[in-house]
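Architecture and fold: a report
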Amino acid sequence: MTTSSVASDATQAFLPASRAQLNAIFAPKAVAVIGASEKPNSVGRILVANLQASTFGGAIFPVHPTRSSVLGLNAYPAIGDVPAAVDLAVIATPAPTVPGIIRECVAAGVKGAIVLAAGFREQGPDGVELERQVLAAARQGNLRLIGPNCLGIMRPPTGLNATFAAHMAHPGSVAFVSQSGALCTAILDWSKVENVGFSAFVSIGTMLDVGWGDLIDFLGDDPHTQSIILYMESIGAARAFLSAAREVTLTKPIIVLKAGRTAGAARAAVSHTGALVGSDAVLDAAFQRCGVLRVDTIAELFYLADVLAKQPRPQGPRLTILTNAGGPGVLAADALLRSGGRLAELTPETVEALNAVLPPHWSHGNPIDVLGDADPQRYGAALEILQADRNSDGVLVIRTPQVTAEPAQVADVVARYAKRLGKPVLASWMGGPATATGTATLSHSQIPTFPYPDTAARMFTAMWRYTDNLRGLYETPMLPGNREAPDLVAVAKLIEGARGNGRVLLTEAESKQLLAAYGIAAVETRSAASLEEALAHAAAIGYPVVLKLASATISHKSDVGGVQLNLFDADAVRRAYHTIGANVRPEDWLGVTVQPMVQEGYELIVGSHVDPQFGPVLVFGAGGQLVEVLGDQVLGLPPLTTTLARRMIVRTQIRRALQGIRGRPAIDMAALEELLVRFSQLVIEQRWIRAIEINPLFASYRASGDRALLALDARVVLYEPEVGVAQLPKPAIRPYPAQYVTPWTLKDGSKATIRPIRPEDEPLMVRFHQTLSERSVYMRYFAAMSLDARVAHDRLVRLCFIDYDREMALVVDREDPATGEHAIVAVGRLIKLYGKDEAEYAGLVSDLFQGHGLGTEVLRQLLRVARDEGIRRIVAETLPENRGMQRVFEKLGFRVRRLLSEGIVLAHIDL
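Residues numbered from 1 in each chain as written. Predicted model: local features only at pLDDT ≥ 70, side-chain atom pairs only at ≥ 80, totals over all residues. Heavy atoms only, no water.

1. Points about the overall build of the chain
- The secondary structure content of the chain amounts to 30 helices and 38 strands.
- Taking 29 Å as the expected radius of gyration for a compact globule of 911 residues, we find that the chain reaches 32 Å, a close match to that expectation.
- Oriented by its inertia axes, the alpha-carbon framework of the chain measures out at about 95 × 80 × 65 Å.
- Across the chain, every contact between residues at least 6 apart in sequence was considered, and the portion connecting residues at least 24 apart equals 71%.
- Accessible surface for the chain amounts to roughly 37,000 Å². Of this, 52% is attributable to carbon and sulfur atoms.
- Across the chain, the centroid of the 88 positively charged side chains sits 4 Å from that of the 91 negatively charged ones. (Helix = DSSP H or I, 4+ residues; strand = E, 2+ residues; numbered from the N terminus. Rg over C-alpha atoms; globule rule 2.2 N^0.38 Å. Contact = heavy atoms within 4.5 Å. Areas by Shrake-Rupley, 256 points an atom, 1.4 Å probe, with all protein chains shown as cover. Lys, Arg positive; Asp, Glu negative; His and termini not counted. Charge placed at Lys NZ, Arg CZ, Asp CG, Glu CD.)

Next up, the structure:
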């Protein structure tokens, strides 16, 4: 049996990204130009001329209602009159004509189209209706469409130029995709001067059909493409983008220049594309979640693609700067530290060795200033020593114009030593045209070279961010402890009760009950409808206490004087009670709540709101009444693992206090991570919640256990009663599919759970592979495979940390009756095949449990999953000698066919 990579779509699990269909656009054998013309400077003429000048080797068919030829090529009145099959139609006619033309293309069997015209959604309701008609027509024939409002596409490695641009791009390894056609032409002009090449050059327009996710999937598998750079104004289908990006960033960097950081720019982007832009901070969180790098300038977009293509990724943030001038070294150090990098601290051995080869007045630290009279030999001696420095993750070599620092010779030395360093090497050759020879030498040696050292330092930090993002995303999270399942019945009762009464705001007491159902502890809270009850509760709790307004209509109690702190006696309680009552209207008054006054800790905020593009978004940071003033909060996308929760915490400033500061001990960080995971589960599962906030969440550095983290106040806002289930937003990242968890009993009577795999399963998968015989491994992989190779982290993390929209893996999790320890004893996997409603099956059972019916049961469960996910066919391969697997296939209704010439057995089942 074999495995393969997979694709997904934003709207439904397991839908293909239609990579095979995109081949009709990117690798057509025949292209029709609808709207072809001989009118000088017209789009139709330029398109035909560009295709004629292309070397893609396909046929070109101009389509014009009256002309018999265009630029010497036979022309046809309509696409249906073309005498050959057409793969790609490039439509250069006004917007109102496009729906009818797409219908004609579908009737003619065309599988790809590019719509160049503007005048759709950006023009208002009439344009939106035109788009609806175009998309409906395309869907009828499975036609994939790029645009509208775009320049077209180029495929430089094959010579295809289906644009109306003035030039053809050079071939290269960078794929460039842009929503702005005008920016495409500017970048194209710049690339001709700078001799920058592209594997694909795509103007995507307003993304009516083909979006970011489709193109990332396609380019991720494209052998011509090493890196992908995007100019983005709106993200479109967020779930498709995240799913594709998370898959591809492991092997190819994706770098994004996203317009609209400021409010004014965001409004301009909306007017340009007619699309929703969304929160920029949420977009940053989304990029971090899937390993995408964001830059702020066009120059950085290409700089970063260049350095990631040429140099290995740094394993840490520490940079060593080698320079022949102090000022540029200091500028580089400033830029490095401001962008989040660190100056490498030279080891004593490195300093001692440098003392032996450098003049006495060298800087004796990092930056390493080898002085203005440094010749190539001095640079070489320093680089020789830096090879052995274990504290450095990369080297930046700066050369400024000096009499003795020959740029070409120094470049030769750097190029020679760079191959030995085993870490990224960047260069800054300052001085203009006089440095051209040296710069060319460095470029030829795959060493990125920059005119200014501060730019080089920022690019190193960006390289490190890319490494760190990926490392964090695929770091194995901790196994969950004995986490009790949430009390979903209690939560449903709370929410249904409020909605049944027409309320959208839960009371504080109800909000804390909801949190408790998910294992999130709250401070003791007693409700009081009268002063006498408040006094009795305060005496029972013990002073000092806090009084808070109880209201079903006011959510921010502090804004109306509804929170009274540090009440040390009964008189203080009386005054607080009357103060709160005087500050609100009778219809907003339900009484007060009484709570103990907790101290010796930190006030945090944990919350969630709904973003119009990404659905539920998590918030964490410093809390309390000054939460907006402090501004120390970070965003994240649910669901979380403990690793992702930890990385949210680390991005805040308050984390330095939480880890212990000025004699105060650290709080229970593991408990805080676990709380964030539970909270993200709540947000994912309770879709009727529009907003939820714990502020403050009190993190004590004295208490432990259930008292270490306490919700002091909580606020839950529900959707309005008229909102239906179909209108509720979905998370941008598909959560754990708990609906596929089923109990099962093995033949020996031991209990097991058949469930989808999860990121925390990596240690269990290591132990699983340790139970496999060489024969089992051979039967699974059709070849021998060592244990070390099978349990390598980089491999297992891809198998455990899956995108459930792209594949589904079920494991049999057996609990040992004697020890209670858990072990994975079987795995079955469905991987969606690109461009088809098919999935490929692969399975493996531990030698210790073969013959227990595990393989049959896991495959039976996967058939149910496939039906639920819209899969129409499952295919598999096995070896002829694997009779047991063949019997399982036949038992479950597969058709089995032997291909003796290829030495394999094929099996398939239509669902």
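2. Overview of the packing of aromatic side chains
- Counted according to the given criterion, the structure contains 14 aromatic pairs.
- When the ring of phenylalanine 198 is compared with that of phenylalanine 302, the centres are 6.1 Å apart and the planes differ by 80°; the resulting orientation is edge-to-face. On the criterion of sequence distance, the pair formed by phenylalanine 198 in strand β11 (residues 197–203) and phenylalanine 302 in helix α10 (residues 298–310) is long-range, its members being 104 residues apart. In this pair, the class of phenylalanine 198 matches that of phenylalanine 302, namely buried.
- With 6.2 Å between their ring centres and 85° between their planes, tyrosine 841 and phenylalanine 889 make a pair best called edge-to-face. Here phenylalanine 889 lies in helix α30 (residues 883–891) and tyrosine 841 lies in strand β35 (residues 838–845), a separation of 48 residues in the sequence. (Phe/Tyr/Trp six-rings, centres within 6.5 Å; stacked < 30°, edge-to-face > 60°. Buried < 20%, exposed > 50% of the residue type's maximum accessible area, 1.4 Å probe, protein only.)

3. Focus on the pattern of salt bridges
- Considering all chains together, one arrives at 43 salt bridges under this definition.
- Between arginine 872 and aspartate 837 there is a salt bridge whose closest N-O contact spans 3.8 Å. Of the two residues, arginine 872 sits in the loop between α29 (854–868) and β36 (873–878) while aspartate 837 sits in the loop between β34 (822–832) and β35, which places them 35 residues apart along the sequence.
- Its relative accessible area of 27% is what places aspartate 837 among the partly exposed residues.
- Via salt bridges that share partners, Glu508, Lys512, Lys548, Lys557 and Asp713 belong to a single interconnected network. (Salt bridge = Lys/Arg side-chain N within 4 Å of Asp/Glu carboxyl O.)

4. Details of the layout of surface pockets
- By volume, the second largest pocket amounts to about 1,400 Å³.
- Mapped by element, the contributors of at least two residues to the lining of the second largest pocket are α9 (280–290), β14 (293–295), α16 (453–473), β27 (633–636), α22 (642–650) and α23 (655–658).
- Ranked by residues supplied to the lining of the second largest pocket, first place goes to α16 with nine residues.
- A class-by-class count of the residues in the lining of the second largest pocket yields 18 nonpolar, nine polar and 16 charged. (1 Å grid on protein atoms, 1.4 Å probe; cavity = no way out; pocket = protein on both sides within 12 Å on 5 of 7 lines; lining within 4 Å. Points joined across faces, edges and corners; volume = space filled by probe spheres on them. Nonpolar A, V, L, I, M, F, W, Y, C, P; charged D, E, K, R; others polar.)

5. Remarks on the nonpolar core
- Leu304 and Leu658 are the most contacted members of the largest nonpolar core, which has 92 residues in total.
- Considering each element in turn, this core owes the most residues, nine residues, to α16.
- Sequence-distant contacts of leucine 304, that is, excluding residues within four places in its chain, are made with Ile255, Leu293, Val295, Met459, Ala462 and Met463.
- Counting residues in each nonpolar core, the second largest holds 60 residues, with Val70, Leu242, Val256 and Phe287 among its members. (Core = buried A, V, L, I, M, F, W, Y, C linked by side-chain atoms within 4.5 Å.)

6. Description of the sheet that holds β14
- Strand order in this open sheet of seven strands is β9-β8-β11-β10-β12-β13-β14, and the pairing throughout is mixed. The open sheet is flanked by β9 (160–163) and β14, the only strands paired with a single partner. Strand after strand, the sheet turns through a mean of 25° between neighbouring axes, direction not considered.
- Pairing of strand β13 (residues 254–258) with β14 involves three bridges; the strand directions are parallel. When the bridges of β14 are listed, leucine 257 appears paired with valine 295.
- Sheet strands touched by helix α5 (residues 181–194): β8 (152–155), β10 (170–178), β11 and β12 (227–232). Its angle to β11, the strand with the most contacts, is close to 165°. (Pairing = 2+ DSSP bridges. Axes fitted to C-alpha atoms, helices over the stretch in contact; angles between N-to-C directions.)

7. Things to note about the packing of helix α12 (residues 348–357) against helix α13 (residues 376–386)
- Closest axis-to-axis distance for the α12/α13 pair is 10 Å, and the angle between their directions is 160°. Compared by their axis directions, α12 and α13 come out roughly antiparallel. Judged by the sense of rotation from one axis to the other, the crossing of α12 with α13 is right-handed. Side by side, α12 and α13 meet where Thr350, Ala353, Leu354 and Val357 of the first sit next to Ala381, Ala382, Ile385 and Leu386 of the second.
- Within the contact of α12 with α13, the residues separate by chemical class into seven nonpolar, one polar and no charged. (Parallel < 35°, antiparallel > 145°, perpendicular 65-115°, else oblique. Left-handed = near helix turned anticlockwise from the far one by under 90°.)

8. With respect to the environment of glutamate 349
- Considering the arrangement of structural elements, one finds glutamate 349 in helix α12.
- As a C-alpha pair, glutamate 349 and isoleucine 385 span 36 residues in sequence and 9.2 Å in three-dimensional space.

9. Observations regarding the sheet that holds strand β2 (residues 59–63)
- Pairing is parallel across the open sheet formed by five strands, whose spatial order is β2-β1-β5-β6-β7. The strands lining the two open edges of the sheet, one partner per strand, are β2 and β7 (144–146). Geometrically, the sheet is characterised by an average inter-axis angle of 20° between neighbouring strands, direction not taken into account.
- Direction of pairing for strand β1 (residues 30–34) relative to strand β5 (residues 88–91): parallel, over a ladder of four bridges. Looking at β5, one finds that alanine 32 is bridged to alanine 89.
- Lying over the sheet, helix α2 (residues 43–53) contacts β1, β2 and β5, oriented at roughly 165° with respect to β1.
- Lying on the sheet, helix α3 (residues 98–107) is in contact with β1, β5, β6 (112–115) and β7; it crosses β5 at an angle near 165°.

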